[in-house]
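# Observations on chain architecture
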Amino acid sequence: MAKDIPVHIGLVGHIDHGKTELARAMSEKVSTAGLDKHPQSEERGITIDLGFTMFKLHEYLVTLVDAPGHADLIRSVVAGASIIDAAIVCVAADEGPKIQTGEHIIILGAFDIDPVIVAVTKSDLVGELELERMAGRIRSILDGSGIKNYDIVNVSAKTGKGIDDLKSLIYRIVKPHIRDTQNPFLMPIDHAFPKKGHGTVVTGTILRGSISTGGTVQLVPHSDRVRVRSIQVFGEQQEKAQAGNRVGVNIPDVKSESIHRGDYLCAPSSLPASDKVYATISLNPLYRGKVTKRMVLSATIGMPTVTAEIVPFITRSDGIRVVLDEAQDSLFLAAVLLQKKIGVEPGMRVLLMRTDLRPTAMRIVGTGTVTEVPDRIILFKQRVRKGTVFRIRENDVLVEGLASTKEIAERLQGHSLSTASGHSGKVTGTFGTRGVISATFTRSVDVNDKVFYETLREEEFSFGH
């Protein structure tokens, strides 16, 4: 049987619901930023960064991704969700599920993180009856989330109760994803820091492909090509690492301060950088607001999170993409315009949030998938003029209201029209000096029928313009 098969498990939940203590109780080794090494974590007493800890579980090498639970730091939770195979949701026995618990569950569902284990932490603080009631509340939330495979286990990091049961459950249910080792190397960067005598080290989980010491990789969205001096997997030097491995990569030829979470290391020229994408978006049914044109959101695409504007549109049967003032369905198409360039490709998952809303409100607007990364976003704005049939003649009809002057009416000659009932027609001429037009239709029309003239104006869209 193969040894050290990598498995990545997210550890999420509301603030102070025992995630970090559970990670400490389960783990054997700590990676970069593990167990609250961030300076502000010590000052504020909460997890504010992704932490990575590891333990061996039979043939598996399990990495726990400890994500922050504070509402203001939910973007880091999304960053963690993009690299994990399964998840543990921590719910404190003495408090129960909170708003952020629900948000985290929605994020897990959006990124297809399934199965999920709910660890009822601090279970030593309440009695068995309360634990049974808690399990019922948790089941009702999960049953409405779309997550099909879940288990609930009571644990206490303080007494050790349930820790072995939790590990046994992980071993029973976790099936590591088939790793893509054949396609070009891709790794989102979650930390970058200088190491004395070595230069910059970046850490992340390899999503696909492989990397070797002495090789050349590219930083995206930067264009820098950099040399790989060395590779570590949980502190052990390796000549090569591949999809599924959590690694530290020494790239001495670039300054660490120029690298940000959400940047990528990739095979040269394999990942485009862009500040605009087309996406298919599914509206979160728990979100109570509307999605309107040019609405400002927080967009997480893959690993990075960027301020964005969204422009809903429909694609007509003739292939023309027409802008909508407001998304009309729960599943809709959209252009997502980003404030800055990120590494992005078709197939990457999208999560849209309203970070301007209070933490007690549902802030997840929707989730989706990138369908295209175009060089330009070209959409058509539709304008519809409405007129009325006021006279029926032997060979045509007269319509008023579509033009205000004879000159404007003359410019409409030959253009297509439609009626409220869907009949098509064409402008054949003008009548008088008041902008009245004459028209013919494929079906008979009546006096007072409404007639529509549509114009389309092509426009290029980018963030802020």
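Structure shown above.
### Description of the side chain of S274
Within the secondary structure layout, S274 lies in strand β18 (residues 273-283). A polar contact of 2.9 Å, which involves the side chain of S274, links it to the backbone oxygen of K276. Apart from residues lying up to four places away in sequence, S274 is in contact with L338, K340, K341, I342, V344, V373 and P374.

### Looking at the packing of aromatic side chains
All chains considered together, the criterion is met by 2 aromatic pairs. Note on Y60 and Y171: the rings are 5.8 Å apart at their centroids and 55° apart in plane angle, and the pair reads as tilted. Here Y171 lies in helix α6 (residues 163-173) and Y60 lies in strand β4 (residues 60-66), a separation of 111 residues in the sequence. Given the relative accessible area of 9%, Y60 is considered buried. Residue Y171 is classed as partly exposed on the basis of its relative accessible area of 31%.

### Considering the sheet that holds strand β12 (residues 225-227)
Across the sheet, which stays open at both edges, the 8 strands sit in the order β12-β11-β17-β8-β9-β16-β13-β14 with antiparallel pairing between neighbours. Of all the strands in the sheet, just β12 and β14 (236-238) have a single pairing partner and so form its edges. Averaged over neighbouring strand pairs, the angle between their axes works out to 40° when direction is ignored. Here 3 bridges tie strand β11 (residues 216-220) to β12, and the two strands are oriented antiparallel to one another. Looking across to β12, one finds that T216 is bridged to R227.

About the criteria used
- Residues numbered from 1 in each chain as written.
- Predicted model: local features only at pLDDT ≥ 70, side-chain atom pairs only at ≥ 80, totals over all residues.
- Heavy atoms only, no water.
- Helix = DSSP H or I, 4+ residues; strand = E, 2+ residues; numbered from the N terminus.
- Polar contact = N/O pair within 3.5 Å; in protein donor to acceptor, adjacent residues only side chain to side chain.
- Contact = heavy atoms within 4.5 Å.
- Phe/Tyr/Trp six-rings, centres within 6.5 Å; stacked < 30°, edge-to-face > 60°.
- Buried < 20%, exposed > 50% of the residue type's maximum accessible area, 1.4 Å probe, protein only.
- Pairing = 2+ DSSP bridges.
- Axes fitted to C-alpha atoms, helices over the stretch in contact; angles between N-to-C directions.

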